[in-house]
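Architecture at a glance
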Amino acid sequence: MIVQLLINGIIAGCIYALVAYGFALIYNTTRTFHFAHGAVYTFSVYLFYTISAWGVPAWVVYLLTLAATALLGMTIDEVIYRPLVRRKSSLLIRLLSSLGAYIIIINLILMIYGNEMKVLNAKLQPTHKFGNVILSEVQLITVAACVLIFVALVLLLRMTHLGKTVRAMRDDPELVSALGMNPQNVRRLVFALGSTLAGVAAILKGLDVGADPNAGMVAFLSGTVAVIIAGVGVFNGVILGALLVGILQSFAVWKFSAQWQDTVTFLLLILFLLLRPEGIFGRRRRVEEIAA
Amino acid sequence: MSKLELQNVTKAFGGVLAVDGASLAFDEGKVSALIGPNGAGKTTIFNLISGLLCPTEGDVYYDGKKISGFAPWRVSQAGVGRLFQDVRVFDRLTVRDNVSMAFKGQKGESAIMSIIKRWQVSREEKELRGRVEELLESVGLAGREDELAVDLSYGQQKLLALARLLAAEMDVLLLDEPTAGVNPRMVDKILELVRKVVAGGKTVIIIEHNMNVVREHVDVAFFMNEGRVAFSGEPNAVLAAPQVKTAYLRM
Amino acid sequence: MTYALHVLNMISIYAILALSLNLLVGYTGLLSLSHAAFYGIGAYICSLLMMKLSFPFLPAMLLSIVGAVAISFLISLPSLRLRGDYFVLASLGFQIIVFSVLYNCVELTQGPFGISDIPRPSVFGLTLTSAGSYLAFSVVVAAVCGGLLYLIGQSPFGRVLKAIREDEIAAESLGKRVSQFKVIAFAIAAGFAAVAGTVFAGYLRYIDPTSFTLVESIFILSIIIIGGTGNVTGPLTGTALMLLLPEALSFLGIPDNIAPNLRQVIYGVLIILIMRYRPQGLMGEYRYQ
């Protein structure tokens, strides 16, 4: 029983981890609270739904969907955030603009697709049994895909020049040009990659339970909680944070019933904000950084 | 005991000692200066005094009482005010409001009082207007009450910040580079204000890089290097000391 | 005619919400996503007192204010030392938790079923049964709230709030106990939001948690972002604009099934345009930094 709960939690956590990693990539490097990340997520799954009906081969569906999702993320940055950065607008103004972008995208989707859930996978899910644990095929694929992606991300961040540049950008945006890459391009790549991760998460989740317009907000908020728990400025630790959130939610549903899932998640957030705002892996900010 | 004293104060950040066993004493009616190369710990000393930082070792005393570890509002309510290096005026408030908010003991600062005792608060406000005008006159900003602070020049903003400190009736004024980035006429005005304030019995401590200012206007200088007070005393003597000279040459 | 009365009633209620959130966001610079939570707390405490304990309206309203203020300390005292964007998150978490409680504690709040047949208030012996008489009531309440909030904003207290918005550290260095001011501003905002909740409950005579969601908090925030922050005309302009927009859309013949979504799209576009070209809002004070 416990193991099943744990596994369910991990599967949910994997989805959150993808979303959270994408969000962290964007926030840590550009300091943009990309609320619209949740809308990008939702866009991806609905586009997938539409393109699936075109009768093209599966790999084309995935490619087109993820490419469009990456493009959406980059466009939001280009059209909405970058002009604000040029004007040196405050972070709060950027957050509010992001909120505006979220509202626009989600409602356009609602206008086109309506409010009901869409089923992506009409066939009945084959399930697999491992001892006492039951998993659907999609869930298995989710875990496998996520493991591959996380390994790739960790390697990307540690070994590649882009990864080093991204980490440098988190610490000091001025350094980026010194490292040889054009800051604008790094920004575009970060938004593209972050949005693609959200897109993958949305598709995997959609194949499991269908596409619903609220799922983006749920995944985004859980992802945000994961980022706070791991610590702002952290990348790989965010995966652990997300898994923790997923597992906690799973146990909370079992212990308190599904209706209290949000309360538990956000109590966790508030606890961390109050007791350990730097997160599990983060560094404590010095007062001098503010007062200097 | 002096008005403000630091006794053997150390501040460590991880492995780095920003301040290392520093002892300083500041007296009333005198202008004291912290001088030294960048990174010597001067601003850290100010942060330790004003409560933005807590000493790792040692204590800060004000009027003989320990204030190390006090929250910033307690330190400032006790009478220690600060002019920041980046001035920090309230940009989108008028010059008048910048000064008005600094006065102590305003009844209207309680939301409830501002409603229940509205007439009293109105009267208080009228009286404060007069005081604001006097203060602005004394710093040379007369007639600019209704301008936004962000529209003033850098030097004028410094004068405004000084007016604020005077309005708050601070007994100790920590001035971080008061003459930096300001044209010579303003520098004179600022220094004239400092002299007036000190003549009134206040304690002024400045962080200063302009050695002429230090020579001509400072009573006691503390030369800091690498977190320690290397030399202190009469400014000309301090500046003539060989280790001070070499430290500056090395800069 | 009755429809116009309805819109005007809602404008009065939202005016109170906008003006009170403005004290927090526009004057103090504290972005909060939990205003709808206090709106809901006010509505529920008032309704429950009237329905279950037969309280008359005015005492119920007073107790709602007390309740909302008390609950506000639960979130403000621990969170107000958090940096800006962290405080936003804490307020978001609080909003979601409050909604959850309203929705799930069915024995107490009747959850998704809501509370119905709330009696129309009796004020000084007069029962406000008609929409017209209720409008007079809600306008009077809105005017009183607006007047009080204006006085508070113009007072030395309001001046300190604005100083805190501009530069907290400088304000603290001048002897102002910043956390205390923030907690009080938050409590005042919560109290007035509760008043709006009671007026709402007495008007619609039915409340349920879906009126007090995160989306609602975002809507109230949008009103002052678009209309303007930091003064009184801003929030009032925003309220009128945002509440009349749906009417304008239906006048243009936009079909009902997409009208609410189209409305939201317009809000979103307005927010983005305003943040870019006029951050202080249409009628707000100075430039938002």
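All residue numbers here refer to positions counted from 1 along the written sequence of the relevant chain. In the order they appear in the text, chains get letters beginning with A and ligands get numbers beginning with 1. Owing to the predicted nature of the model, reporting of local features is limited to residues with pLDDT of at least 70; listing and counting of side-chain atom pairs is limited to 80 or more, with chain, interface and lining totals taken over all residues.

The number of helices and strands found in chain A is 12 helices and two strands. Along chain A, from the amino end to the carboxyl end, the secondary structure elements read α-α-α-α-β-β-α-α-α-α-α-α-α-α. It is over C-alpha atoms that the radius of gyration is taken, and the globule rule equals 2.2 Å times the number of residues to the power 0.38. Relative to the 2.2 N^0.38 estimate, which gives 19 Å for 292 residues, the radius of gyration of chain A is 19 Å and therefore close to what a compact globule would have. Reported as C-alpha extents along the three principal axes, the dimensions of chain A are approximately 60 × 45 × 35 Å. Two residues form a contact once the distance between their C-beta atoms, set from the backbone, is within 7 Å. Taking all contacts inside chain A whose residues are at least 6 apart in sequence as the whole, residues at least 24 apart take part in 75%. Each helix is a run of DSSP H or I of at least 4 residues and each strand a run of E of at least 2, with the numbering of both proceeding from the N terminus.

Within chain C, the regular secondary structure consists of 12 helices and two strands. Helices and strands in chain C line up, N terminus first, as α-α-α-α-α-β-β-α-α-α-α-α-α-α. For 289 residues, the compact-globule estimate of 2.2 N^0.38 gives 19 Å, and chain C sits close to it at 19 Å. In terms of its C-alpha atoms, chain C occupies a principal-axis envelope of roughly 55 × 45 × 35 Å. Working definition of burial: number of other C-beta atoms within 10 Å of the residue's own, with buried at 20 or more, exposed at 12 or fewer, and partly exposed in between, all C-beta atoms being placed from the backbone. Split into buried and exposed, the 289 residues of chain C put 58% on the buried side. Across chain C, contacts joining residues at least 24 apart in sequence account for 76% of those joining residues at least 6 apart.

Moving on, we come to the confidence of the model for chain A. Per-residue confidence for chain A gives a mean pLDDT of 86; residues scoring 70 or more make up 95%. pLDDT measures how confident the predictor is about each residue, on a scale from 0 to 100. Under a pLDDT of 50 for its full length, residues 286–292 of chain A has, in the predicted model, 10 contacts with residues more than four places off or in other chains.

A few words now on the packing of helix H1 (residues 2–30) of chain A against helix H10 (residues 237–256) of chain A. Residues and elements named next belong to chain A. Axis definition: a line fit to C-alpha positions, over the contact stretch in the case of helices; interaxial angles, taken between N-to-C directions, run 0 to 180 degrees. As a packed pair, H1 and H10 sit with axes 6 Å apart at the nearest point and diverge in direction by 140 degrees. In terms of orientation, H1 and H10 fall into the oblique class. Handedness of the crossing formed by H1 with H10: right-handed. Across the interface between the two elements, Leu-5, Leu-6, Asn-8, Gly-9, Ile-10, Ala-12, Gly-13, Tyr-16, Ala-17, Ala-20, Tyr-21 and Ala-24 from H1 touch Val-238, Ile-239, Gly-241, Ala-242, Leu-243, Val-245, Gly-246, Ile-247, Gln-249, Ser-250, Phe-251 and Trp-254 from H10. Residue composition of the contact of H1 with H10, grouped by class: 17 nonpolar, seven polar and no charged. Put simply, angles under 35 degrees are roughly parallel, angles over 145 are roughly antiparallel, angles from 65 to 115 are roughly perpendicular, and the rest are oblique. Handedness of each helix crossing follows the sense of rotation of the near helix against the far helix: counterclockwise by less than a right angle gives left-handed, clockwise gives right-handed. In the scheme used here, Gly and all other residues not listed as nonpolar or charged are polar, with Ala, Val, Leu, Ile, Met, Phe, Trp, Tyr, Cys and Pro taken as nonpolar and Asp, Glu, Lys and Arg as charged.

Moving on, we get to the interface of chain B and chain C. In this complex, chain B contributes 28 residues to the contact, which on the side of chain C involves 24 residues. Here the side of chain B that touches chain C takes four residues from helix H2 (residues 72–78) of chain B, the largest share from any one element. The class makeup of the residues in the side of chain B that touches chain C is 10 nonpolar, nine polar and nine charged.

Bringing unusual backbone geometry into the picture now. Residues and elements named next belong to chain B. Notably, Val-87 is not glycine yet its phi reads approximately 60 degrees, a positive angle. Inspection of the secondary structure puts Val-87 in the loop between strand S6 (80–83) and helix H3 (95–100). Owing to 22 C-beta atoms within 10 Å, Val-87 belongs among the buried residues under this scheme.

Sheet strands pair by backbone hydrogen bonding; their relative direction is either parallel or antiparallel. All names here are of chain B. We treat two strands as partners when DSSP finds at least two bridges between them. Taken in spatial order, the four strands of this open sheet run S2-S1-S4-S5, and their pairing is antiparallel. The sheet is open, and its two borders are formed by strand S2 (16–26) and strand S5 (65–66), each paired with just one other strand. Here strand S4 (residues 57–62) pairs with S5 via two bridges, running antiparallel. Paired with Tyr-61 across the strands is Lys-66, a residue of S5.

Our next topic: helix H2 (residues 37–52) of chain A. Every α-helical turn comprises 3.6 residues, leaving residues that sit three or four positions apart pointing alike. Residue and element names in this part refer to chain A. Here the expected length of a helix is defined as 1.5 Å per residue gap, with one fewer gap than residues. Between its first and last C-alpha, H2 extends 23 Å over 16 residues, near the 22 Å set by a 1.5 Å rise per residue. With 12 of 16 residues buried, H2 lies mostly within the body of the structure. When we look at burial in H2, the residues that qualify are His-37, Gly-38, Ala-39, Val-40, Tyr-41, Thr-42, Phe-43, Ser-44, Val-45, Tyr-46, Leu-47 and Phe-48. Contacts from the buried residues of H2 go to H1, helix H3 (58–86), helix H4 (91–113), helix H8 (183–209) and helix H9 (215–230).

Along the polypeptide, B:Asp97 turns up in helix H3. Spatially, the C-alpha atom of B:Asp97 lies 25 Å from that of B:Gly200, the residues being 103 residues apart in sequence.

So, about the nonpolar core. One finds A:Ala17 and A:Val238 to be the most contacted residues of the largest nonpolar core, which totals 264 residues. Per-element tally for this core: the top contributor is helix H9 (residues 178–204) of chain C, with 18 residues. Residue ranges assigned to the domains are those given by an automatic or database domain assignment. When residues of this core are assigned to domains, at least three fall in each of domain 1 (4–89 + 168–250) and domain 2 (91–151) of chain B. Those residues in contact with A:Val238, other than ones at most four positions away along the chain, are A:Ala17, A:Ala20, A:Tyr21, A:Ala24, A:Ala226, A:Val227 and A:Ala230. Here, a nonpolar core denotes buried Ala, Val, Leu, Ile, Met, Phe, Trp, Tyr and Cys residues that are linked to one another through C-beta atoms within 7 Å.

Moving on to the sheet that holds strand S10 (residues 228–233) of chain B. Residue and element names in this part refer to chain B. Read from one edge to the other, the open sheet built from six strands follows the order S6-S7-S8-S3-S9-S10, with strand pairing classed as mixed. Each edge of the open sheet carries a strand with a single partner, namely S6 and S10. On average, each strand axis in the sheet is inclined to that of its neighbour by 20 degrees, with strand direction left out of account. Sitting on the sheet, helix H7 (residues 184–199) is in contact with strand S3 (31–35), strand S7 (172–176) and strand S8 (203–207), with an inclination near 145 degrees to S8.

Among the structural elements, C:Gln264 can be located in helix H12 (residues 259–277). Judged by C-beta crowding, with 21 C-beta atoms within 10 Å, C:Gln264 ranks as buried. Residues C:Gln264 and C:Pro246, 18 residues apart in the sequence, show an inter-C-alpha distance of 9.8 Å. The contacts of C:Gln264, once residues within four sequence positions are left out, are A:Ile103 and A:Asn107.

All right, on to the interface of chain C and chain A then. In this complex, chain C contributes 32 residues to the contact, which on the side of chain A involves 36 residues. Counting residues per element, the ones that place at least two in the side of chain C that touches chain A are helix H3 (57–79), helix H4 (84–104), helix H10 (214–227) and H12 of chain C. The element best represented in the side of chain C that touches chain A is H12(C), accounting for 11 residues. Looking at side-chain class alone, the side of chain C that touches chain A contains 21 nonpolar, nine polar and two charged residues.

Within a regular beta strand, the side chains point alternately toward one face of the sheet and then the other, so they alternate between its two faces. Residue and element names in this part refer to chain B. The buried count for strand S9 (residues 220–225) comes to five of six residues, which makes it a mostly enclosed element. As defined by bridge partners, S3 adjoins S9 across four bridges and the pair is classed as parallel. Looking across to S9, one finds that Leu-34 is bridged to Phe-222. Sheet topology note: the S9/S10 ladder contains five bridges and is antiparallel. What sits directly across from Phe-223, in S10, is Phe-231. Between S9 and the antiparallel strand that follows it, S10, lie two residues; Glu-226 among them carries a positive phi value of about 50 degrees.

This paragraph deals with helix H1 (residues 2–27) of chain C. Look at H1(C): 36 Å from first C-alpha to last across 26 residues, which is about the 38 Å you get at 1.5 Å a residue. The quantity called bend is, for any residue, the angle between two axes fitted respectively to the seven residues ending at it and the seven beginning at it. Its axis deflected by about 35 degrees at C:Leu21, H1(C) carries its strongest bend there.

Contact geometry for helix H11 (residues 261–275) of chain A and H4(C): axes closest at 9 Å, N-to-C directions at 150 degrees. On the basis of their axis angle, the class for H11(A) and H4(C) is roughly antiparallel. Where H11(A) crosses over H4(C), the handedness of that crossing is left-handed. Between H11(A) and H4(C), the contacting residues are A:Asp262, A:Thr263, A:Phe266, A:Leu267, A:Leu269, A:Ile270 and A:Leu273 on the first element and C:Tyr86, C:Leu89, C:Ala90, C:Gly93, C:Ile96, C:Ile97 and C:Ser100 on the second.

The next point concerns the environment of A:Arg94. When you line up the elements, A:Arg94 lands in helix H4. Linking A:Arg94 and A:His34, residues 60 residues apart in sequence, is a C-alpha distance of 8.4 Å.

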